[in-house]
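Coordinate analysis (summary)
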Amino acid sequence: MTKPLMYHLSSLCMVLGLVVFFVITGRCLITFPTHNRFTFKLNVVPNARTLSSNWLPYFKFNSGGKQDYSIFYDNKNEATNPRRNLPTGFGKRTNLVELAKKLNLTVLVDLLEKTKLDNTLDHEGPFTLFAPTNDAFANRPSYCDNVPLKDLLKYHITRKVHLSKDLKNNELLWTLLSKRELRMNIYKNGKVLTASGRRIIKPNNMASNGALHVIKDVICSVYIGSAVLEINRCPSYSILSKAINVSGLYSILDGFGPFTVFAPTDEAFNKLPPETLNYLLKNATALKDVLLYHVVPEVWYVAGLEGGQLLKTSQGTKLKIAVSAQGVKVNDATIGLSDAAVSNGVVHSIGSVLLPPSYSNGQVLFNKIQPKI
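The following paragraphs examine the structure supplied in this document. (Residues numbered from 1 in each chain as written. Predicted model: local features only at pLDDT ≥ 70, side-chain atom pairs only at ≥ 80, totals over all residues. Heavy atoms only, no water.)

Observations concerning the pattern of salt bridges
- Applying the stated criterion across every chain, the model contains four salt bridges.
- Among the ionic pairs, Asp145 bridges to Arg140, the shortest N-O distance being 3.4 Å.
- Exposure remark for Asp145: the relative accessible area of 53% places this residue in the exposed category. (Salt bridge = Lys/Arg side-chain N within 4 Å of Asp/Glu carboxyl O. Buried < 20%, exposed > 50% of the residue type's maximum accessible area, 1.4 Å probe, protein only.)

As for the pairing of strand S13 (residues 259–264)
- By the criterion of burial, S13 is predominantly enclosed, with six of the six residues buried.
- Alternating positions in S13 separate into two faces, Phe259, Val261 and Ala263 on one and Thr260, Phe262 and Pro264 on the other, with burial throughout.
- Taken together, the six bridges between S13 and strand S20 (residues 345–350) define a ladder with parallel strand orientation. Each bridged residue has a counterpart across the sheet, and for Ala263 the counterpart in S20 is Ser349. (Helix = DSSP H or I, 4+ residues; strand = E, 2+ residues; numbered from the N terminus. Pairing = 2+ DSSP bridges.)

Section: helix H3 (residues 106–114)
- Every buried residue of H3 is listed here: Leu108, Val109, Leu111 and Leu112. For H3, the buried positions fall inside an angular range of 165° around the axis, keeping them on one side.
- Buried residues belonging to H3 abut helix H2 (96–102), helix H4 (118–121), strand S6 (127–132), helix H5 (134–138) and helix H6 (149–154).
- At the C-terminal side of H3, Lys116 shows a positive phi close to 70°. (Arc of directions from axis to C-beta. Contact = heavy atoms within 4.5 Å.)

Describing the sheet that holds S13
- Read across the open sheet, the four strands follow the order S14-S13-S20-S19; overall the sheet is mixed. If you trace the sheet from one side to the other, it starts and ends with strand S14 (295–296) and strand S19 (340–342), each paired once.

If you want it as structure tokens, here you go:
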């Protein structure tokens with residue numbers, strides 16, 4: 001009885017020794033004798049607990065010389081999460097939440113913890129986090145408070161890694177907020193990059209589970225639908241909403257776009273002489289001409305506009321941009337609430353109705369349309 005017992009103990013010690021050896025060296029190779037040689041490699045990730053206590057170590061698979069890819073396995077639900085083609089410089093230890101702390105984005109970190117989104121960003125991925133500064137949160141517009149905080153933060157997080165060099169103008173990135181996308185725009189010969197109109201001021205900060213871009217302002221305009229749908233939802237645009245329906249432009253402004261819409265408020269329409277407004281609302285052709293003068297078939301956030309710039313409208317003529325310390329003007333109309341992101345572009349609120357060049361001195365006089373008053 002003694003000899004077999006000692007033999008088994010000896011075998012057990014040998015097995016344990018091999019396990020310790022593999023753990024120390026960090027690599028276990030198993031080759032399967034199949035037609036296509038398949039090699040299984042177990043790599044122990046340094047400080048893997050910073051990714052998650054629920055994730056097993058990092059695995060690499062290589063089959064027949066094909067490109068390696070990596071997978072994390074979740075102990076709880078056995079889900080898999082492919083992480084393909086991660087960029088050079090991908091961090092090995094610091095996750096997105098820890099990186100935000102290092103960059104002193106303390107307000108963002110506090111809000112992520114408050115909404116429990118830190119539990120997502122501290123181990124899963126890869127993600128891209130568009131991270132507002134502390135000043136951005138302090139100076140956010142009042143309507144930001146109408147958006148549920150967790151929805152607001154989800155709108156700042158996209159799936160996959162998106163570096164600035166890979167982004168394209170008008171590219172749409174799916175966010176963690178259901179059915180919402182961020183629109184990326186590139187202005188001024190590549191010098192200005194925006195995410196739903198908010199300027200990226202410090203791009204490409206790398207973490208273990210994604211990338212972080214610091215942005216100058218909070219993205220507060222969490223849209224539901226298209227430009228015309230958002231206009232219809234806003235009480236300040238009741239006259240504009242009626243005018244869009246009368247002119248037959250609803251289906252156009254509800255289309256794919258993308259558009260920039262300079263949207264006059266009710267107050268702006270009420271600045272027109274009563275007879276002018278009444279005439280326009282009764283004459284769909286003239287009204288359509290005026291409204292198309294407010295639509296530019298490109299996406300122009302305020303960050304991309306420059307003084308003296310001319311924007312060609314869907315009506316065929318151009319609008320002139322003026323930029324000063326007092327704000328941005330389109331012709332003689334001042335942009336009030338700017339950069340309202342919508343699914344097919346952007347909407348800017350303006351304080352005056354824009355009149356095409358063929359309109360003279362506030363009277364209803366068009367070159368091609370002679371009204372009968």
